[in-house]
Structures are given as structure tokens and as C-alpha cells.
Amino acid sequence: MKRPLVIVGSGPAGYTAAIYAARAGLEPLLIAGPEPGGQLTKTSEVENFPGYPEGVLGPQMMEELRKQAERFGTQVLYDVVEKVELRTHPKRLWTLGGEEIQAEAVIVATGSSPRWLGLEAERRLYGAGVSACAVCDGYFFRGQPVAVVGGGDSACEEALYLSKLCSQVHLLVRRDQMRASQIMQARVKANPNIHIHWNVVVEDILGEKFVEGVRLRHTRTGEVSELAVRAVFVAIGHQPNTAIFAGQLELDDQGYILTQPKSTRTNLEGVFAAGDVQDPVYRQAVTAAGSGCMAALDAERWLSEKAYLLSSRASSSS
Ligand code: NDP
């Protein structure tokens, strides 16, 4: 299969790039990846995307973006890219489903994934009380005490969601202040069902077959304590999904793709990056969508220039 443009990733950046590229006649192929729709399919209400005064459910928004991209001729392939060769022309991508796809230009919009604490217990008890998604797993722990780790907007969002289901939510914050926006902090602090523990780190998650509690260490006093909870929701930020691009695309020390200033161009000709995969700072659905638009415009211009160069070379050699 050969395409002018392949977009890797199906979050707001990927779909927005697809809408613009399809409307420009580039017939993009969008490879959806392991989580079609991306991180927003794991959230509940999105309240800050412009144009939705009453808010919108994350999965619904992604469904609408997909339909909008398909309406203009985007082909969505439900597969996962496992290997790429982006330094050659044409660029080549191989999928888990056994496809080999060639592309003139590629937009990388693979987003980021939840970070974990790095405890052995997280692996052992994943799916047995350890989770990074309250909307997905909170229901299993209704009426029971749970913990949320983190002090950012994600942690607050998870805690607020769980406060409606669970008997008590313990929010475990490692400093004496949160990173979350003021409005989210205010909601969490005003919620009688959320108990904030300041200056604590999770030393271990307890339980053999399912979560029974957490062991905490107070960062100032050193005091170690245990808290009985039936689930631990880890919400400590994200890491960019760039493993398959390492060694080809230039990455920063955290693994985010480096793009040229005021553009989505990467270090490789014809390869563009959009959304969370290249944005350690803003990481919002709306900024991801904006950079998806930029990537499609950059790719379209690059492809036009290239076609112009090819045709002018052909005419000067004839
Ligand atoms: P952030 O990076 O903003 O916050 C991560 C939080 O986890 C921080 O409080 C950090 O602590 C803490 N943390 C990191 N590592 C550890 C660790 N090992 N142990 C304990 N705590 C740890 O990530 P988020 O996912 O919360 O948010 C990412 C972006 O998405 C932000 O821009 C946010 O505004 C946005 N967002 C917006 C939402 C909304 O508006 N509705 C909802 C969700 C996210 P420390 O501060 O000490 O580093």
C-alpha cells in the first residue's frame, strides 16, 4: 500500500491532521494505534474544549472527530505501527497486522501514555486494583475506599470522579502543594469525600492477589504508615509514545519529539510531529488539535514543493 500521507495516531492531533489533509485532497491513511481515539477515550467529561458550553464526553468527542475525518475521505486503519523507516524515500511503516505501508510524508501523532510509579506491585496488581483510569475501573470499587496518586489535574479529575462512587478517596500528594489548576484544586478541597494527604510518597502497594492497601512515607518526618484501600489509581503524568522512532527522530531527554520552532517539522524531511508526542508543556486536547492542523498544512506544503521540484527536474532533463 502506498500513500501520499500517513498519519500515525488517532487522538485529537491525528484526527485534526486527517481532517485538514483530507480536505486538501491528500487522501490520508490514519493508523489508529493500540488505543483508537487516544487518551480522551479514557476520560469522562471534557469541559474545556471550545465550542461545547455544556462539556462533552471524551469518547463522544473522539467519535465525532473520526466521523469528521472520514467524511472528507480519510481511511482509518485499525492497526498498530510496530516498526518504521523514516529516513528513506518513500518512508516505510510496518504494522502488527502484517501490513507494509509506504508514504511520501508521515505525521507522527502517537501521543503519550500514563506514567507509573515503578513499583513491582503495580505490575503484579494491575487489573486487580491498580489502574490508571478511574472511568474504566472505578465502578468495580464502588462503596469501597480507594487512593489516587498525584497532584495534577489528572489526579484531581480521577479523585472527583471516584468520590461519586467510592466510600472514601485518599488523594496522595508528594509535596505540600498541587500542580493542578486552581479550579480543580478548589473542587477537590471542597469535596467531603476526598481526603488529601500532603507530603507523602507511595513506598509500596500491598496485597498479593488484589490491592489491600498502600504503604506511605511522609517526606518530611520520614514516618511510615499504611492505609487500607481496595484500589490505587496512579495519575502522575505521562510519557511520550516514541519508542519506535528512537534513533531516527530527534528526541529530547524525556523522549518527546523535537520539532523546529514555529513548525511541526522534525529532523527528517517529510516527517512531521503533532500533539502530546512533541509537547511536554501544554498537553491539552485543543493544543493537540491545533498542532495537528499545523502538521497537515506543513505536510501539504512540503508535498507540493516536492511535486514542484520533481516536475521541474523532469522538465529540465527532457
Ligand atoms: P502533571 O504533570 O500536570 O502532574 C503530575 C502530578 O503527579 C504532579 O502533581 C506530580 O508531582 C505528581 N507526580 C509525578 N511523579 C510522581 C511520583 N513518582 N509520585 C507521586 N507523585 C508524582 O500531569 P497530569 O496528567 O495531571 O496533567 C497533564 C496535563 O493535562 C496538564 O497540562 C493538565 O493541566 C492537563 N489536564 C487537564 C485536565 C482538565 O483540564 N480537565 C484533566 C487532566 C489533565 P509534582 O508536582 O511534585 O511534580
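One numbering rule holds for all chains: residues counted from 1, following each sequence as written. Given that the model is predicted, a residue must reach a pLDDT of at least 70 before its local features are reported, and side-chain atom pairs must reach 80 or more before they are shown or counted; all residues, however, enter totals for whole chains, interfaces and linings. Heavy atoms from the whole structure form the basis of all side-chain values; hydrogens and water molecules are not counted.

## Brief notes about the pairing of strand 17 (residues 231-234)
In regular strands, side chains alternate between the two faces of the sheet. Heads up, the condition is: Partly exposed describes any residue whose relative accessible area lies between the buried limit of under 20% and the exposed limit of over 50%, with all areas from a 1.4 Å probe on protein chains only and scaled to the type maximum. Elements are defined by DSSP. Helices are runs of H or I of four residues or more, strands are runs of E of two residues or more, and each kind is numbered from the N terminus. At least two bridges found by DSSP between two strands are what make those strands a pair.
Residue alternation in strand 17 divides its side chains into two sets, Ala231 and Phe233 and Val232 and Val234, and both sets are buried. Here two bridges tie strand 10 (residues 130-131) to strand 17, and the two strands are oriented parallel to one another. Within strand 17, the residue paired with serine 131 across the bridge is phenylalanine 233.

## Overview of the site of the ligand
Going by this rule: Residue proximity to a molecule or strand is established when one non-hydrogen atom of the residue lies within 4 Å of it. Side-chain atoms alone can form a polar contact between residues adjacent in sequence; in general such a contact is a pair of N or O atoms within 3.5 Å, and within protein one must be able to donate a hydrogen while the other accepts it. A 1.4 Å probe and the Shrake-Rupley method give the accessible areas. Residues count as covered only by the protein chains that appear here. Three residue categories are used. Nonpolar comprises Ala, Val, Leu, Ile, Met, Phe, Trp, Tyr, Cys and Pro, charged comprises Asp, Glu, Lys and Arg, and polar comprises the others, including Gly. Here the limits of each domain have been adopted from an automatic or database domain assignment.
In the vicinity of the ligand, 20 residues are found, and the nearest of them are Asn48, Asp153, Ser154, Arg175 and Arg179. Arginine 175 has a polar side-chain atom sitting 2.7 Å from an oxygen atom of the ligand. For the ligand, whose free accessible area comes to 920 Å², the fraction covered by protein is 81%. The biggest single contributor to the shell around the ligand is helix 5 (residues 153-163), with three residues. The residue makeup of the shell around the ligand, split by class, is five nonpolar, eight polar and seven charged. Two domains each provide a minimum of three residues to the shell around the ligand, namely domain 1 (2-114 + 238-317) and domain 2 (120-234).

## Some thoughts on the domain arrangement of the protein
For clarity, the threshold we go by: Whether two residues touch is decided by their heavy atoms; if any such pair falls within 4.5 Å, the residues are in contact. Values labelled buried area give the accessible surface lost by two parts on being combined, using a 1.4 Å probe and summing over both. Salt-bridge detection follows one rule: a side-chain nitrogen of Lys or Arg within 4 Å of a carboxyl oxygen of Asp or Glu.
On domain assignment, one finds that the protein holds domain 1 (2-114 + 238-317) and domain 2 (120-234). A straight line from the C-alpha centre of domain 1 to that of domain 2 covers 33 Å. On the domain 2 side, the residues contacting the seven residues of domain 1 number eight residues. Of the roughly 500 Å² buried between domain 1 and domain 2, counting both surfaces, carbon and sulfur atoms make up 56%. Three residues stand out in domain 1 for area buried against domain 2, namely Lys42, Ser44 and Glu47, and they jointly supply 61% of the buried area on that side. Connecting domain 1 to domain 2 are one salt bridge.

## Looking at the packing of aromatic side chains
We count it as follows: When two rings of Phe, Tyr or Trp (its six-membered ring) have centres within 6.5 Å they constitute a pair, described as stacked for plane angles under 30 degrees, edge-to-face for angles over 60, and tilted for the intermediate range.
Using the criterion set out here, one finds five aromatic pairs in the structure. Between the aromatic rings of phenylalanine 140 and phenylalanine 141, the centroid separation amounts to 6.5 Å while the plane-to-plane angle is 85°, which identifies the pairing as edge-to-face. Its relative accessible area of 13% is what places phenylalanine 141 among the buried residues. Judged by centre distance (6.5 Å) and plane angle (70°), the rings of phenylalanine 272 and tryptophan 302 are edge-to-face.

## Some words on the pattern of salt bridges
On inspection of all chains with the given rule, the structure shows eleven salt bridges. The salt bridge involving glutamate 85 is made with arginine 87; its shortest N-O contact spans 2.9 Å. By relative accessible area, which is 18% here, glutamate 85 ends up buried. Ionic contacts of the salt-bridge type, sharing partners, join the residues Lys2, Glu104 and Lys306 into one network.

## Focus on helix 6 (residues 182-190)
What counts, and what does not: What the arc covers is the set of directions going from the helix axis to the C-beta atoms.
Listed as buried for helix 6 are Met184, Gln185 and Val188. Projected down its long axis, helix 6 shows its buried positions confined to an angular sector of 100°, all on one face. Those residues of helix 6 that are exposed and aimed more than 90 degrees away from the buried face are Gln182, Ile183 and Ala190. Looking at the packing, one finds that the buried side of helix 6 touches helix 5, strand 12 (168-172) and strand 13 (194-197).

## A look at a positive patch on the surface
Test applied: A patch consists of residues exposed above 30% relative accessible area that lack any salt bridge, with like charges linked at up to 9 Å and nonpolar side chains (Val, Leu, Ile, Met, Phe, Trp, Tyr) linked at up to 5 Å. Charged residues are defined here as Lys and Arg on the positive side and Asp and Glu on the negative side; His and the ends of the chain fall outside this count. By convention, the charge on Lys lies at NZ, on Arg at CZ, on Asp at CG and on Glu at CD.
On the surface, a cluster of positive charge is contributed by Arg115, Arg174, Arg175, Arg179 and Arg283. Position of arginine 115 among the secondary structure elements: in the loop between strand 9 (112-114) and helix 3 (120-124). For arginine 115, a relative accessible area of 38% translates into the label partly exposed.

## What to know about the packing of helix 5 against helix 6
What describes two packed helices is the angle between their axes and the distance between those same axes. Worth spelling out the cut-off: Note on geometry: axes are C-alpha line fits, over the in-contact stretch for helices, and angles between N-to-C directions span 0 to 180 degrees. Take the far helix as your reference; a near helix turned counterclockwise from it by less than a right angle gives a left-handed crossing, and one turned clockwise gives a right-handed crossing.
One way to put it is that helix 5 packs onto helix 6 with a least axis distance of 10 Å and a crossing angle of 35°. Where helix 5 crosses over helix 6, the handedness of that crossing is left-handed. Of the residues in helix 6, those in contact with Asp153, Cys156, Glu157 and Leu160 of helix 5 are Met184, Arg187 and Val188. For the contact of helix 5 with helix 6, a count of residues per class yields four nonpolar, no polar and three charged.

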